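# Residue-level structural notes
Residues per chain are reported as follows:
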Amino acid sequence: MSQVIPVIGLQWGDEGKGKGVAQIAAGLGQNDLVVRFQGGNNAGHTIYHDGKQYVFHLLPSAAFGKASMHMGGGMVINPSALREESLAIPGFEELKNRISVSPHAVLILPTHQLIDSISESSLGAKKIGSTGKGIGPSYTDFVWRKALRVGDIFYNDFKERYDGLRDNHLRILQKDYDYEPDKNDFAEKEKKFFEGIEFLKTLVMKNSADIIEEALSKGNKVVAEGAQGTLLDVRWGNYPYVTSSHTVSGGIPSALGVQPACIGGAIGIFKAYVTKVGEGPFPTELGGEKSAVWCRDQKAEYEKEKYPKADPNSSDPFEQGIALRQMGSEFGATTGRLRRTGWLDLPLLKYAVKVNNATELVMAKLDVLSGFKEIKVCTAYKVNGKETNKIPFDLSREKIEPVYKSFRVWKGELADKAGKLAPEALEYVKYLESVLGAPITFVGTGPEEQDFVRRYW
Ligand code: GDP
Ligand code: IMO
Ligand code: MG
């Protein structure tokens, strides 16, 4: 029997999972399957197809292949967001035959979104930096055993149950936050929610375990597309600066109801550097605290005006961080926020490779480093002055000093027409392979579908 292939982000999200999955999906047949297993529309997975950019938030990044697509039982689904995203895809009516949803997936209500954003803004500087999509509150209701799931929409008491849950949420908003939504605005949100519910009813419902086990037993391929990243896992990330689901490959059997033995080695995707959206510790951040505050408070337009062309080789790491953001277009695919930027962090990356059993690696965005003369990689941490290979229990409470190793950057093209990497780039890639203990099979050389170097055939 074949095994599920997890495709997992090894950092804080936005590693290039969309492009990676789309590329795998291009090689799949109509009996194969691409599944999202957790998270919701906090995800933003970008792909370029025929020169046009698409960002998937809920649908697996496989719309332009032949494989079937499944939204699994561990997801939280905002029905109106799903409707909007689906209808924006050219030829969706045809694509629809390839899509199924698990009845176990949890519904995100308009009030979940309100609770998410109102509770976040009440935290001020202590906020998590959530996407405001209602992810935390919907998963909270689920583990609190109050949630509505996709399968509930087919029962006659759905509206009654919806009203009950909504009224509970409105009471919480009033009592805890002294907040009452604008009546017209809220009515519009509810209208869209129910349009989304009608749309959901037109999709095929499939139990995740059934559809996956059937595909595997026939020897077909099943790809599990992770959302967010390992360091955002609710338990194994930098808690509390995490999302509310299990993003690591170990979360797959529980999210989809399949046996743990069905899960194969993961394809781990990481960027040649690191980015992070939202709050929380980031040991290798260029510009440190100054960058964290800047990215929290400033808008992309203001940054562009203030730093029309930041210098990647500036002596000021803060400016280098801005340059990296500009060169990598590191602006949130879901919220448009400034992504914090920093050097590759090997202690965290090694941890992510281990947690996920990543047996194959994809390094995205190496091209983005082309403007630098020298790049750095963090090889170890000094915690309170002592060098260690261990990740501290709470990164945000320790004084962490990264130990860096420098690499020279290629002067001309990153890769030639035959797909051969420049010697300096190859040295960097081989060093990472030796430290991480897994082959880097693909190296990203640009955002478009065809922009990669394949290293092993
Ligand atoms: P995801 O959430 O992991 O799917 O990643 P995002 O889509 O949020 O962010 C990754 C961004 O990098 C997207 O804009 C991609 O188009 C882009 N990207 C992916 N791979 C590469 C690459 O190798 N080089 C460059 N320059 N851009 C890339
Ligand atoms: P993809 O799948 C990057 C971050 C948010 C915030 C924290 C909690 O595109 O990689 P949430 O809305 O989940 O409660 O926010 O997690 N976050 C992401 N960061 N990429 C994502 O998804 C993210 N999804 C959530 O910025 O810090
Ligand atoms: Mg993203």
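Throughout, a residue's number is its position along its own chain's written sequence, starting from 1. Here every chain gets a letter starting at A, and every ligand a number starting at 1, in the order they are written. Under the rules for a predicted model, residues below a pLDDT of 70 receive no local features and side-chain atom pairs below 80 are neither given nor counted, while totals for whole chains, interfaces and linings still include all residues. Hydrogens and waters are ignored; side-chain quantities use all the structure's heavy atoms.

## Notes on the pattern of salt bridges
Here, a salt bridge means any Lys or Arg side-chain nitrogen found within 4 Å of an Asp or Glu carboxyl oxygen. Under the counting rule described, the total for this entry stands at 21 salt bridges. The salt bridge partner of Glu15 is Lys17, with a shortest N-O separation of 2.8 Å. As far as the burial class goes, Glu15 and Lys17 line up, both buried. Residues Glu330 and Lys365 are paired through a salt bridge, measuring 2.9 Å at the closest nitrogen-oxygen approach. Of this pair, Glu330 sits in the loop between helix H12 (317–327) and strand E13 (340–342) while Lys365 sits in the loop between strand E15 (358–364) and strand E16 (374–383); the two residues are 35 residues apart in sequence, bridging distant segments of the chain. Beyond isolated ion pairs, a larger network of salt bridges with shared partners links Asp14, Lys271, Glu330, Arg339 and Lys365. The classification of residues rests on relative accessible area computed with a 1.4 Å probe and restricted to protein chains. Under 20% of the type maximum is buried, over 50% is exposed, and intermediate values are partly exposed. The helix and strand labels rest on DSSP assignments: H or I over at least four residues marks a helix, E over at least two residues marks a strand, and numbering proceeds from the N terminus.

## Structural notes on the coordination of the magnesium ion (ligand 3)
Asp14 (OD) and Gly44 (O) make up the full set of protein donors to the magnesium ion (ligand 3), lying at 2.1 to 2.2 Å. A residue pair is termed long-range when its members are at least 10 positions apart, and Asp14 in the loop between strand E1 (4–9) and helix H1 (17–25) and Gly44 in the loop between strand E2 (33–36) and strand E3 (45–49) qualify at 30 residues. Looking at Gly44, the relative accessible area reads 11%, which means it is buried. Donor selection uses N, O and S atoms within 2.8 Å of the metal (3.2 Å for Na, K and Ca). Since no water is included, sites may look incomplete.

## Some details on the packing of helix H6 (residues 158–177) against helix H7 (residues 183–201)
Lines fitted to the C-alpha atoms define the axes, with helices restricted to the stretch that makes contact. Angles between their N-to-C directions range from 0 to 180 degrees. The interhelical angle for the contact between H6 and H7, taken along N-to-C directions, is 145 degrees, at an axis separation of 14 Å. With respect to the hand of their crossing, H6 and H7 are arranged in right-handed fashion. Contact residues: H6 offers Phe158, Lys159, Tyr162 and Arg166, while H7 offers Phe186, Glu190, Phe193, Phe194 and Ile197. Residues are sorted three ways: Asp, Glu, Lys and Arg are charged, Ala, Val, Leu, Ile, Met, Phe, Trp, Tyr, Cys and Pro are nonpolar, and all the rest, Gly among them, are polar. Counted by class, the contact of H6 with H7 contains six nonpolar, no polar and three charged residues. Here a crossing is called left-handed whenever its near helix is offset anticlockwise from the far helix by less than a right angle, and right-handed whenever the offset is clockwise. In what follows, a contact means two residues having at least one pair of non-hydrogen atoms within 4.5 Å.

## Examining H1
Those residues of H1 that sit buried are Lys17, Gly18, Lys19, Gly20, Val21 and Ala25. Next to the buried residues of H1 lie E1, E2, E3, strand E10 (222–225), strand E11 (266–271) and strand E19 (440–444).

## Focus on the site of ligand 1
Put simply, a residue is near a molecule or strand once any heavy atom of it comes within 4 Å of that molecule or strand. Around ligand 1 sit 20 residues, and of these Gly16, Lys17, Gly18, Thr46 and Asp367 come closest. Within the backbone of Gly18, a nitrogen or oxygen atom sits 2.8 Å from an oxygen atom of ligand 1. Contact distances for ligand 1 include 3.1 Å between an oxygen atom and a side-chain N or O atom of Arg339. Here the Shrake-Rupley method, with its probe set to 1.4 Å, supplies the accessible areas, and only the displayed protein chains count as covering residues. Contact with the protein chains covers 93% of the free accessible surface of ligand 1, which is 590 Å². Among the secondary structure elements, those contributing two or more residues to the shell around ligand 1 are H1 and E3. Its residues assigned to classes, the shell around ligand 1 comprises five nonpolar, eight polar and seven charged. N or O atoms closer than or at 3.5 Å make up a polar contact, with two conditions inside protein: a donor-capable atom paired with an acceptor-capable one, and, for residues adjacent in sequence, both atoms drawn from side chains.

## Section: the domain arrangement of the chain
One frequently used descriptor of interface size is the decrease in accessible area upon assembly of the parts. All domain edges in this entry derive from an automatic or database-based domain assignment. Domain boundaries in the chain define domain 1 (4–104 + 206–271), domain 2 (106–200) and domain 3 (285–342). Centre-to-centre separation of domain 2 and domain 3, based on C-alpha positions: 33 Å. At the junction of the two partners, domain 2 supplies six residues and domain 3 supplies four residues. For the pair domain 2 and domain 3, the summed buried surface comes to about 350 Å²; carbon and sulfur atoms form 57% of the total. Together, Lys127, Thr131 and Lys133 form the three largest contributors to the area buried by domain 2 at its contact with domain 3, with a combined 65%. One can count zero salt bridges joining domain 2 with domain 3. Summed over both partners, buried area is the accessible surface (1.4 Å probe) that two parts give up on being assembled.

## Digging into the sheet that holds E10
Any two strands with at least two DSSP-identified bridges between them are counted as paired. Pairing is mixed across the open sheet formed by 10 strands, whose spatial order is E9-E7-E5-E2-E10-E1-E11-E15-E19-E20. Two strands lie at the open edges of the sheet, namely strand E9 (204–205) and strand E20 (452–454), each paired on one side alone. Relative to E10, E1 runs parallel, the two being bridged by four bridges. Its bridge partner lying in E10, Ile5 is registered against Val223.

## Notes on the nonpolar core
The nonpolar core is taken to be a set of buried Ala, Val, Leu, Ile, Met, Phe, Trp, Tyr and Cys residues, with the residues joined through side-chain atoms within 4.5 Å. Judged by nonpolar contacts, the single largest core of 48 residues is most densely connected at Phe270, Leu366, Leu369 and Tyr428. For Leu366, the residues in contact, after removing those within four places along its chain, are Ala272, Trp410, Leu414, Ala425, Tyr428, Val429, Val443 and Gly444. Ranked by size, the runner-up nonpolar core spans 43 residues in total, among them Ala67, Leu95, Leu203 and Ile267.

## As for the packing of aromatic side chains
Only Phe, Tyr and Trp rings take part, Trp by its six-membered ring, and two of them pair if their centres are within 6.5 Å. Stacked means planes under 30 degrees apart, edge-to-face means over 60, and tilted covers everything else. One pass over the structure, following the stated rule, counts 16 aromatic pairs. Where Trp294 meets Tyr302, the ring centres are 5.9 Å apart and the plane angle is 40 degrees; that geometry is what we call tilted. Judged by its relative accessible area of 12%, Trp294 falls in the buried class. Given the relative accessible area of 36%, Tyr302 is considered partly exposed. Aromatic side chains Phe442 and Phe452 sit 5.3 Å apart centroid to centroid with 75 degrees between the ring planes, which places their arrangement in the edge-to-face category. You can see Phe442 sitting in strand E19 and its partner Phe452 sitting in strand E20, a full 10 residues away along the chain. The rule for a charge over a ring is simple: NZ of Lys or CZ of Arg within 6 Å of the ring centre, and within 35 degrees of the ring normal. For the cation-ring pair, Lys146 lies above Trp144, with the distance from its terminal atom to the ring centre recorded as 4.7 Å. Between Lys290 and the ring centre of Phe318, over which it is positioned, the NZ or CZ distance is 4.2 Å.

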